[in-house]
Amino acid sequence: MSRTRGSNQALALAQGLGWFSIALGVAEVLAPHRVTRATGLHGHERLVSSYGVREIVTGIGLLTAKDPTPWVWGRVGGDALDLGTLAAGVAGPQRERSGIAFLMTLGIAALDVACALALRRPLPAAMASFRRRSGLPKPPGAMRGAASDFVVPADFRTPEALRPWTAKAG
Amino acid sequence: MRALRWHGKQDIRCDTVPDPKIEHPRDAIIKVTSCAICGSDLHLYDGFMPGMENGDIMGHETMGIVEEVGSEVTNLKKGDRVVIPFTIFCGECDQCRRGNFSVCERSNRNKSLADKVFGHTTAGLFGYTHLTGGYPGGQAEYLRVPFADKTHIKVPLGIPDETLLFLSDIFPTGWQAAVQCDIQPDDTVAIWGCGPVGQFAIRSALLLGAKQVIAIDRVPERLAMAEAGGATTIDFSKESVVERLNELTRGKGPEKCIDAVGMEAHATATIDSMYDRAKQAVMLETDRPHVLREMMYVCRPAGVLSIPGVYGGLLDKVPFGMAMNKGLTFRMGQTHVNRWTDDLLRRIEMGQIDPSFVITHKVGLEEGPNMYKTFRDKLDGCIKVVLKP
Ligand SMILES: NC(=O)c1ccc[n+]([C@@H]2O[C@H](COP(=O)([O-])OP(=O)(O)OC[C@H]3O[C@@H](n4cnc5c(N)ncnc54)[C@H](O)[C@@H]3O)[C@@H](O)[C@H]2O)c1
Ligand SMILES: [Zn+2]
Ligand SMILES: [Zn+2]
C-alpha cells in the first residue's frame, strides 16, 4: 500500500520530466550553437537540433499520454544516446565541458530510470499476490453453490414457459 | 470540512467547503470513516455523464458514524455505525414497496427534470448527476443523508470498515448482476469487465452455483484476481472473445452474460469499437456499446443479458433485431441496494465472503484527485481505492 504514494509521485515526476524535455528540446532546436558551446560539442549543431526534436516529441508524449511509462523509457533511451555523444566529446578538445555535461546527463538518466521503475506494472511477485485475493474462505470449487439457499425473487426469474424443458423436468 | 469536488472534465480537487446541515426532519448527518472511488465516478470524471455542475461533491460509497439526526429519524441515533447505500429511497412509494429502490418515485429532488429526460423519474443518488438529484456525495468528511430513516444499513461493531464498506454499492451490484441471471446449475455465466463490479459478479455467480464462470478483461492483475475467484479468463487484447466463449461452451454460447464494463468499453481491434470512439469524440454518440453488441452476438438463444454497466444516453448500431430473434432477456438498472444488503451482511458475518479482497489502495482524502487518475488508468495495479477522510 505504501507504493501508492510512490506511484503518484512518479506520475508527477513524469510530468516534470515532460516539461524538462520540452524546455531542453526547444533550446536545442532554437539555439543549437549555445548548447554545443556549453557542452563542448562544437560542430555538432545539426545533431543537437535533431536531438531537440526528439526531446520535444518525448515531452509532448509524457504530458499527454494516459500512461506515461513507455515515454519515460523513451527518455532513458534518449539519455543513452546523449551520453554516447557526450562521451565522444570527452575525447575531444573541450573535454572539461563535455565531462560536466556527461555527469549531469548521467544524473538525469538515473532519475528517468527511477521514474520508469516506479511506474512499472506489478512484478510477477505482485501478480502472485493478486492470484491469492479470492475473498473466499475456501478454494472456489468448494464455494460453488454456497449461497444456493438464496431464493431468486419472482421479478428476476425467467418465466416458467421460457425455461429449458430439462430444468422443468429436473 | 474537506471534500472532493468536480470542477470539470478530469478536474477533481480536494476543497474546503461548509459542513452539511440537517435540512429536513428525515435527514441525518454522518461522520465519514471510509469511502471509495467507483467505476461510475470515472464516467463523471471523464465527462461522459451529462448533468454535472462545477463544485459538485463526488462519492457514493460511504460509511461512518451517525453524528446528528433530524426529528423524524427515530431508528438511528448519534454514534450508530452505518453504511450508506448509493441509492436514496423513501421506503413508501409504489416502487419502494416492491423493493425497486433505485427507481424510488420520491427521492429525486429534480424529479420534474428527470421526468422529462427519462419519461419517469428514477431515485436520487449521492454524488452523481443532477438528473438524479445532484445530492452532495460522500467523498468528504461529513455526509447529509436524506430519507435517512430508510437510506442506511446498520452494521455491527467489530468488523473492519474494509469488510463492510462495499455493501454500499459494488457488492450488491455484482450480486444483483448475478441474481438477474437467474442462475441454473448447468449455466455458464460470462462476465465482461474484471473491475470491482466484475469481481463481485464473478464471486456472486459462483456462490449462486453457476457451473462455469468466464471473465473477460485485458488488465493482467484484474484477470489474476478473477481467476482467484474461480473464473476461467479471456484476455480480449490477445484472444478472440467470441471464439473462446464458443470453445468453452461446446459451440453453444454462454446462457447468461453480464456487462460489468458500461459505456467506456475499450476499443478492441474491431471495426465497431473504432467507429464508436470516432463518434464519441465528435459527440455524435455518448456511449460505446461494444460489449453489449458482443454479448448479444455470442449469447445462447433464449439466454439472459444482465447489465450492471452504466450507460448514459444514446447507443448506436445496437443489433436489436438479432437480440429479438434470439429471444434474449435483458435485465438492467442501478442496484436496488437495500433489497439485498440484509442477506449479504449475513453472508459476510457467516464468512461466505470477505469483500475487502478487492482493495489495492488505501489513502487519505487529499490523495483522492491523484487516485482518480491512478484508478482510471489502472496504474500501480490499482483495482479499488478506499479513502480515509
Ligand atoms: N448498476 C449499478 O448500480 C452500478 C454500480 C456500480 C458500478 N456500476 C458500473 O459498472 C461498471 C464497472 O464498474 P467498475 O467499478 O468495475 O469499473 P472499472 O472501470 O474499474 O472496470 C471496468 C473494467 O472493464 C474492462 N473493460 C473495458 N473494455 C472492455 C471490453 N471491451 N471487454 C471486457 N472488459 C473491458 C476494463 O479493463 C476494466 O477492468 C461501470 O460502468 C460502472 O459505472 C454500476
Ligand atoms: Zn458505484
Ligand atoms: Zn420510494
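Residues numbered from 1 in each chain as written. Chains lettered and ligands numbered in written order. Predicted model: local features only at pLDDT ≥ 70, side-chain atom pairs only at ≥ 80, totals over all residues. Heavy atoms only, no water.

Asker: Could you give me a rundown of the site of ligand 1, with the residues and numbers involved?
Answerer: Residues and elements named next belong to chain B. Close to ligand 1 lie 33 residues; S40, H43, D217, H266 and P308 are nearest. A distance of 2.9 Å separates an oxygen atom of ligand 1 from a polar atom in the backbone of V261. Contact with the protein chains hides 97% of the accessible area of ligand 1, taken as 860 Å² for the molecule alone. Elements supplying a minimum of two residues to the shell around ligand 1: helix 1 (39-45), helix 6 (196-207), strand 12 (212-217) and helix 10 (290-298). With four residues, helix 1 is the largest single contributor of residues to the shell around ligand 1. Mapping the shell around ligand 1 onto the domain boundaries places at least three of its residues in each of domain 1 (2-169 + 335-388) and domain 2 (171-332). (Near = heavy atom within 4 Å. Polar contact = N/O pair within 3.5 Å; in protein donor to acceptor, adjacent residues only side chain to side chain. Areas by Shrake-Rupley, 256 points an atom, 1.4 Å probe, with all protein chains shown as cover. Helix = DSSP H or I, 4+ residues; strand = E, 2+ residues; numbered from the N terminus. Domains from an automatic or database assignment.)

Asker: Tell me about the packing of aromatic side chains, and please be specific about residues and values.
Answerer: Taken as a whole, this structure holds nine aromatic pairs over all chains when the rule is applied. Measuring from ring centre to ring centre gives 4.2 Å for F89 of chain B and F101 of chain B, while their planes differ by 35°; the resulting arrangement is tilted. You can see F89 of chain B sitting in the loop between strand 7 (87-88) and helix 2 (94-97) and its partner F101 of chain B sitting in the loop between helix 2 and helix 3 (111-118), a full twelve residues away along the chain. A residue is classified by how much of its surface remains accessible, and F89 of chain B, at 4% relative accessible area, is buried. Among the aromatic residues, those joined into a ring-pair cluster are F150 and F156 of chain A together with W175 and W340 of chain B. One residue, R54 of chain A, lies across the ring of Y51 of chain A, its end atom 5.0 Å from the ring centre. (Phe/Tyr/Trp six-rings, centres within 6.5 Å; stacked < 30°, edge-to-face > 60°. Buried < 20%, exposed > 50% of the residue type's maximum accessible area, 1.4 Å probe, protein only. Lys NZ or Arg CZ within 6 Å of the ring centre and 35° of its normal.)

Asker: Explain the coordination of the zinc ion (ligand 3) to me, using residue names and the numbers behind them.
Answerer: All names here are of chain B. Every protein donor of the zinc ion (ligand 3) is accounted for by C90 (SG), C93 (SG), C96 (SG) and C104 (SG), and the metal-donor separations fall at 2.3 to 2.4 Å. Given four donor atoms and angles of 104 to 117° at the metal, the environment of the zinc ion (ligand 3) is assigned as tetrahedral. Read N to C, the donor residues that coordinate the zinc ion (ligand 3) are spaced as C-x2-C-x2-C-x7-C. Since its relative accessible area comes to 6%, C93 is described here as buried. The buried category is assigned to C96, whose relative accessible area is 5%. (Donors = N, O, S within 2.8 Å, 3.2 Å for Na, K, Ca; no water. Tetrahedral: all angles 85-135°; square planar, octahedral: opposite > 155°, others 65-115°.)

Asker: Give a detailed account of the sheet that holds strand 12 of chain B, specifying residues and quantitative values.
Answerer: Residues and elements named next belong to chain B. The sheet built from six strands is open, its strands ordered 13-12-11-14-15-16 with parallel pairing. A single partner strand is all that each edge strand has here, and the edge strands are strand 13 (232-235) and strand 16 (329-332). Here the strands of the sheet are splayed against their neighbours by 20° on average, with no regard to which way each runs. (Pairing = 2+ DSSP bridges. Axes fitted to C-alpha atoms, helices over the stretch in contact; angles between N-to-C directions.)

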